[in-house]
Amino acid sequence: MADTIFDLVVIGGGPAGYTCAIRAAQYGLKAAVVESTPRLGGTCLQVGCIPTKAMLFSAEVWDHLKHAEQYGIDNVSQPKLNWKNVLARKDDIVTKHTKGLDFLMKKNKITVVNGYGRLTGPAKEGVFSIEVDKAGKKETVKAKKVVLATGSDARMLPGYKADSTILTNIEILSLDKLPKSLVVIGSGAVGVEFASVFKSFGTEVTVIEALPRVVPAEDEDVSKELLRLFKKRGIDMHVSAKVTKIEKTKDGVNVHFTKSDGKDEVKSAEKVLVAVGRAPRTADVGLDKTKITPDRGFILTNEWMETAEPGVYAVGDIVAGLPQLAHVGSMSGLVVAARLAGKYARPVRRDRVPGCTYCDPQIGSVGLTEAKAKEAGHQVKVGKFPFVGNSKATILDSHDGFVKVVADAKYGEILGVHIIGPNATELIAECVTAMELEATVEEMMFTIHAHPTLSESLLDGFSSVEGMAVNV
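Asks: Please clarify how the pairing of strand S10 (residues 204-208) should be interpreted in this entry.
Replies: Regular strands place their side chains on alternate faces of the sheet. Of all five residues making up S10, four are buried, and the element is well covered by its neighbours. Examined bridge by bridge, strand S9 (residues 181-185) and S10 share five bridges and lie parallel to one another. For Val184, the partnering residue across the bridge sits in S10 and is Val207. Handedness of the β-α-β unit built from S9, helix H6 (residues 189-200) and S10 comes out right-handed. Of the pairings in the sheet, the one linking S10 to strand S11 (residues 236-238) comprises three bridges and is parallel in character. Each bridged residue has a counterpart across the sheet, and for Thr206 the counterpart in S11 is Asp236. Crossover S10 to S11 through helix H7 (residues 220-232) is right-handed.

Asks: Honestly, the environment of Leu227 in this entry has me stumped. Any pointers?
Replies: Here Leu227 is to be found in helix H7. Expressed as a C-alpha distance, the spacing of Leu227 and Met237, which sit ten residues apart in the sequence, is 7.3 Å.

Asks: Explain the pattern of salt bridges here, please?
Replies: Side-chain pairing between opposite charges can occur once the charged atoms of the two side chains come close. Under the defined criterion, the tally for this structure stands at 29 salt bridges. For the salt bridge of Lys248 with Asp163, the shortest nitrogen-to-oxygen distance reads 2.2 Å. Here the residue Lys248 occupies a position in strand S12 (residues 242-249), and Asp163 occupies one in the loop between strand S7 (152-154) and strand S8 (166-167), the gap between them amounting to 85 residues. You can call Lys248 partly exposed: its relative accessible area is 46%.

Asks: So what exactly am I meant to see when it comes to the nonpolar core here?
Replies: Nonpolar side chains in soluble globular proteins tend to be buried together. Counting residues in hydrophobic clusters, the biggest one holds 50 residues, and the most contacted among them are Leu8, Val9, Val10, Ile130, Val146, Val147 and Leu148. At the level of elements, strand S1 (5-11), helix H1 (15-26), strand S2 (31-35), helix H4 (83-107), strand S5 (128-134), strand S6 (137-148), strand S17 (312-314) and helix H8 (326-341) are the ones that each hand at least two residues to this core. Per element, the largest residue contribution to this core is seven residues, and it comes from H1. Apart from residues lying up to four places away in sequence, Leu8 is in contact with Cys20, Ala24, Leu29, Lys30, Ala31, Ala32, Ala143, Lys145, Val147 and Leu340. Residues Val197, Val207, Met237 and Phe402 belong to the second largest nonpolar core, which totals 34 residues.

Asks: Quick question: what am I supposed to make of the side chain of Ser332 here?
Replies: Among the secondary structure elements, Ser332 is positioned in helix H8. Here Ser332 falls in the buried class, since its relative accessible area comes to 0%.

Asks: Before we go on, may I ask you to explain the sheet that holds S12 in this structure?
Replies: Within a sheet, neighbouring strands are paired by backbone hydrogen bonds and run either parallel or antiparallel to one another. The three strands are arranged S12-S13-S14 in an open sheet whose pairing can be described as antiparallel. Edge positions in the open sheet fall to S12 and strand S14 (264-269), since each of these has one partner strand only. Direction aside, the axes of adjacent strands within the sheet are offset by 20° on average. When strand S13 (residues 252-258) meets S14, the two strands line up antiparallel, connected through six bridges. Each bridged residue has a counterpart across the sheet, and for Phe257 the counterpart in S14 is Glu265.

Asks: Looking at this structure, how should I read helix H13 (residues 456-464)?
Replies: Since the α-helix packs 3.6 residues into each turn, any two residues three or four apart lie on the same face. Counting buried positions along H13 yields eight of nine residues, so the element is predominantly enclosed. Glu456, Ser457, Leu458, Asp460, Gly461, Phe462, Ser463 and Ser464 are the residues of H13 that are buried. Its buried side turned inward, H13 meets strand S20 (380-386), helix H10 (391-395), strand S21 (402-408), strand S22 (414-421), helix H11 (424-436) and helix H12 (441-445).

Asks: Explanation requested: the environment of Gly41 in the structure shown.
Replies: Among the structural elements, Gly41 can be located in the loop between S2 and helix H2 (42-47). Here the alpha-carbon distance between Gly41 and Leu101, two residues 60 residues apart in the chain, equals 7.4 Å. When neighbours within four sequence positions are excluded, Gly41 is seen to be in contact with Gly13, Gly14, Pro15, Tyr18, Gln46 and Leu101.

Asks: Honestly, the sheet that holds S20 in this entry has me stumped. Any pointers?
Replies: One open sheet holds the five strands; their spatial order is S18-S19-S22-S21-S20, and the pairing between them is antiparallel. The open sheet has two edge strands with one neighbour each: strand S18 (355-357) and S20. The sheet shows a mean angle of 10° between the axes of neighbouring strands, direction not considered. Each of S18, strand S19 (362-367) and S22 is contacted by H11, which is oriented at about 10° to S19, the strand it contacts most.

Conventions we followed
Residues numbered from 1 in each chain as written. Predicted model: local features only at pLDDT ≥ 70, side-chain atom pairs only at ≥ 80, totals over all residues. Heavy atoms only, no water. Buried < 20%, exposed > 50% of the residue type's maximum accessible area, 1.4 Å probe, protein only. Helix = DSSP H or I, 4+ residues; strand = E, 2+ residues; numbered from the N terminus. Pairing = 2+ DSSP bridges. Right-handed = clockwise from strand over helix to strand, strands pointing away. Salt bridge = Lys/Arg side-chain N within 4 Å of Asp/Glu carboxyl O. Core = buried A, V, L, I, M, F, W, Y, C linked by side-chain atoms within 4.5 Å. Contact = heavy atoms within 4.5 Å. Axes fitted to C-alpha atoms, helices over the stretch in contact; angles between N-to-C directions.

Keep in mind these numbers describe shape, not what the thing actually does.
Pasting the structure below:
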């Protein structure tokens with residue numbers, strides 16, 4: 001290994017890292033991935049996106065079973081939840097795709113080095129030396145370029161540590177039994193997805209959000225709709241509420257919080273999930289031996305993901321200013337691979353990143369919210385189409401939610417699309433494509449959508465900007 005000089009070494013085997021390495025290998029570069037854990041896939045595959053969505057699918061099937069008779073299926077009046085099998089299916093999916101990554105590494109002739117990777121300083125005579133520490137045994141990997149893709153960790157409230165009662169996304173995915181009650185602190189994607197899963201399975205769920213609205217990164221109308229629908233599902237929702245203390249009891253926890261009116265309240269539960277964001281994992285990767293100066297742990301890059309240290313790139317959750325999303329990390333990895341190979345590439349555009357939240361109802365969004373568009377000085381024209389007017393939504397028994405299109409009033413430019421409702425996370429892809437290709441509202445109004453489909457809601461959504469939706 002010490003005699004091999006790779007074209008690039010990626011430190012971190014999550015979506016950003018392994019995608020970068022695979023694309024680099026496809027371009028003919030000699031790549032290696034350094035990963036500190038036994039399996040590739042990072043947070044997303046092991047304890048994030050994939051296992052969470054597996055549980056969400058089980059919850060969706062469970063919810064359908066509750067209404068089996070109205071779908072013409074009898075003798076399903078007393079279904080029994082097998083929590084052990086819910087977890088087993090989730091684990092099987094993770095294992096399958098982990099093995100898939102191992103296959104892709106071999107297929108693309110990528111060297112995987114198990115151990116903790118650190119930068120040792122700038123390149124010497126054009127070559128970096130990366131120290132790889134595996135349980136105290138150290139080796140050196142050399143490369144012409146280095147890509148940092150070390151990912152992120154769940155943030156914890158100050159003064160607390162994750163355990164069997166105070167949970168992060170890691171612990172909640174492997175509970176030995178379904179809790180009767182759960183308090184979720186934070187209403188971003190992680191918080192509302194787990195709230196949705198456990199409510200479907202019968203857990204008493206409370207969500208506490210410090211900001212004035214849930215899913216605060218979304219358009220305000222989407223936040224209002226999700227709050228309404230979560231309350232309709234029986235989830236106890238609190239916004240503008242600050243958690244002041246988590247007190248352990250013999251039965252679980254007491255979560256103390258202060259409401260917007262200044263009144264203090266206590267909520268008791270078996271478990272509490274802390275879902276207050278993620279922190280970049282950059283504290284011990286050797287940045288101090290380079291010109292890279294992190295900003296609150298995040299690494300500053302230019303549009304091509306280059307850091308202040310020549311020859312060192314950063315991708316994924318550790319990059320300042322980029323959303324901490326697997327698909328953003330993957331695309332930034334693809335950009336770096338193309339640049340290193342001298343191939344065509346385009347920088348990642350923040351306003352073209354789709355955001356997806358897989359709770360029930362789902363949320364998909366891209367571009368500017370109505371408020372942000374107005375703040376940016378646009379003359380805004382908005383269209384809104386409810387799923388109640390879509391026949392496929394009726395077939396799926398999923399009428400709640402809407403498509404909202406934010407457009408420029410003068411030129412018809414699509415500034416943002418915000419969807420809450422059935423399959424929103426799939427529907428948003430069309431909107432990203434339309435914006436990438438600079439389609440106007442008028443052009444989308446004359447784009448044929450198959451019938452009956454949920455995607456027809458987009459046709460009506462774009463048409464509604466001009467007040468011309470057909471099905472409402």
